[in-house]
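So the chains spell out like this:
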Amino acid sequence: MKLELWVAWKLLAGNWRRAVFSFLAVTGGVIALIVSFSLGAGGEKIISRDLLAMSDNRIVIGGSNLTMQDIKILEGYPMVEYAVFPEARTFENGNIFRGYSDRALVTMGLTPLRDREIIVDKKQFPDIKIGDNLIFSINGREYSFSVRDLYEEINPLELMKQGNRVMISQSFYNRLFNTNDYRNVVVAFDKNEDIEEYMGYFISKFNKDRNSLGSVRVVETPEIYKRIVKIQKVVKNTLRLLSVISLCIGGLGIMNLIASGIKSRSAHIGIMRAMGMSGKKVTAVFLSEGIIVSLIGGVAGTVIGIIFSFILGKIIKIAPDFHIMQMGISILIAIIVGLGMGTIPARKIGHMNTVDALKNI
């Protein structure tokens, strides 16, 4: 087999222009696979990790004025992970102040906050350490805050918003910005809870526990977020399908590369057969060409795909998530495509009559 690979390499090196199209097609297909795998996995990690990313097990309640007391009632239910007011957000002098309950912060893996304590994005405040003080101008007054904790925002919806992200406690947010009433509250449930089964009972109990504060209703259901997750899966599968199509195009190029050898290199085939090389070995030589092109294209596509993933990830604010197995699968697919698509023309070459092949010398 070493001889066949050596001969195949020599034939490719002697006329590399014939293999350029096949090489580029295979490389492009693997690049597409790596990018779709890594960014798809990175996107899934964002959705599963971030509190404000689109969860498939939360509801939005509205229809009446909501207060901090409602947060306490909701978070007192055993099936509720946390509750936040999406409107508890104020842009002031280039900073976005957001109010969070203690339960929401703990769910995010952060430290609960007291008055004048904040949590900031470490990417936006790279020189700030826990315990440092920051001064912000709010409503014409300067306030000094102590940095209680640091975090890194990964939600693309938040990353697209302009301004430095500053977390404060919900109670202090209400006093700082003189806000007590909200129109909506986001309620997130434990992942093992099927809220749709008892949503009616949940809302009925919540309205009862609120006494005479007004009736609320479900504004958004988990089904909305499940649809978003489904859309994400459709997009990811579409990208992978396009990647496979790209590899198939590369496979057709390899098939054409080997098939073109029947006419253009029949003299070489005749010489190899005249020297005593069997039909199977001649087939192996030309099949090795396809494997070499696929292997080199697969490795090159993997390296370029990793680079493209980082570049594209920077642009769309999604950190790529790489897995060695996925990279190996991408290269393996490229080799299988080259092997499969090149088998038929390679066998045809191996069965050529020696005399007919030597006539073209």
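Please read these numbers as outputs of a predicted model, since none were measured by experiment.

Some words on the overall build of the protein chain
For the protein chain, the count of helices and strands is 12 helices and 10 strands. Per-residue burial for the protein chain yields a buried fraction of 46% across its 361 residues. If you take every contact in the protein chain between residues at least 6 apart in sequence, the share linking residues at least 24 apart comes to 79%. Summing over all exposed atoms, the protein chain offers an accessible surface of approximately 18800 Å²; the carbon and sulfur share of this is 60%.

Quick notes on the packing of helix α3 (residues 68-75) against helix α7 (residues 199-209)
It is the contact of α3 with α7, at a shortest axis distance of 11 Å, that shows an interaxial angle of 130°. Viewed along their axes, α3 and α7 adopt a mutual orientation that is oblique. In terms of crossing hand, the pair formed by α3 and α7 is right-handed. Taking contact as the criterion, the partners of Asp70, Ile73 and Leu74 in α3 are, on α7, Phe202, Phe206 and Asp209. Here the contact of α3 with α7 is built from residues that sort into 4 nonpolar, no polar and 2 charged.

Observations concerning the confidence of the model for the protein chain
In the predicted model, the protein chain carries a mean pLDDT of 77, and 65% of its residues have values of at least 70. Averaged pLDDT values over the elements of the protein chain bottom out at 51 in helix α12 (residues 354-358) and peak at 96 in strand β5 (residues 117-121). Under a pLDDT of 50 for its full length, residues 50-54 has, in the predicted model, 21 contacts with residues more than four places off or in other chains.

Overview of the sheet that holds strand β6 (residues 133-138)
With respect to topology, 6 strands assemble into an open sheet ordered β3-β4-β8-β5-β7-β6, the strand pairing being mixed. Bordering the open sheet on either side are β3 (89-92) and β6, each of which pairs with just one other strand. When strand polarity is set aside, the average angle formed by the axes of neighbouring strands in this sheet is 40°. Summarising the sheet, β3 and strand β4 (residues 95-100) pair through 4 bridges and their orientation is antiparallel. In the sheet register, threonine 90 faces β4, and the bridge partner there is phenylalanine 97.

Each value, and the rule that gives it
Residues numbered from 1 in each chain as written. Predicted model: local features only at pLDDT ≥ 70, side-chain atom pairs only at ≥ 80, totals over all residues. Heavy atoms only, no water. Helix = DSSP H or I, 4+ residues; strand = E, 2+ residues; numbered from the N terminus. Buried < 20%, exposed > 50% of the residue type's maximum accessible area, 1.4 Å probe, protein only. Contact = heavy atoms within 4.5 Å. Areas by Shrake-Rupley, 256 points an atom, 1.4 Å probe, with all protein chains shown as cover. Axes fitted to C-alpha atoms, helices over the stretch in contact; angles between N-to-C directions. Parallel < 35°, antiparallel > 145°, perpendicular 65-115°, else oblique. Left-handed = near helix turned anticlockwise from the far one by under 90°. Nonpolar A, V, L, I, M, F, W, Y, C, P; charged D, E, K, R; others polar. pLDDT = per-residue confidence, 0-100. Pairing = 2+ DSSP bridges.

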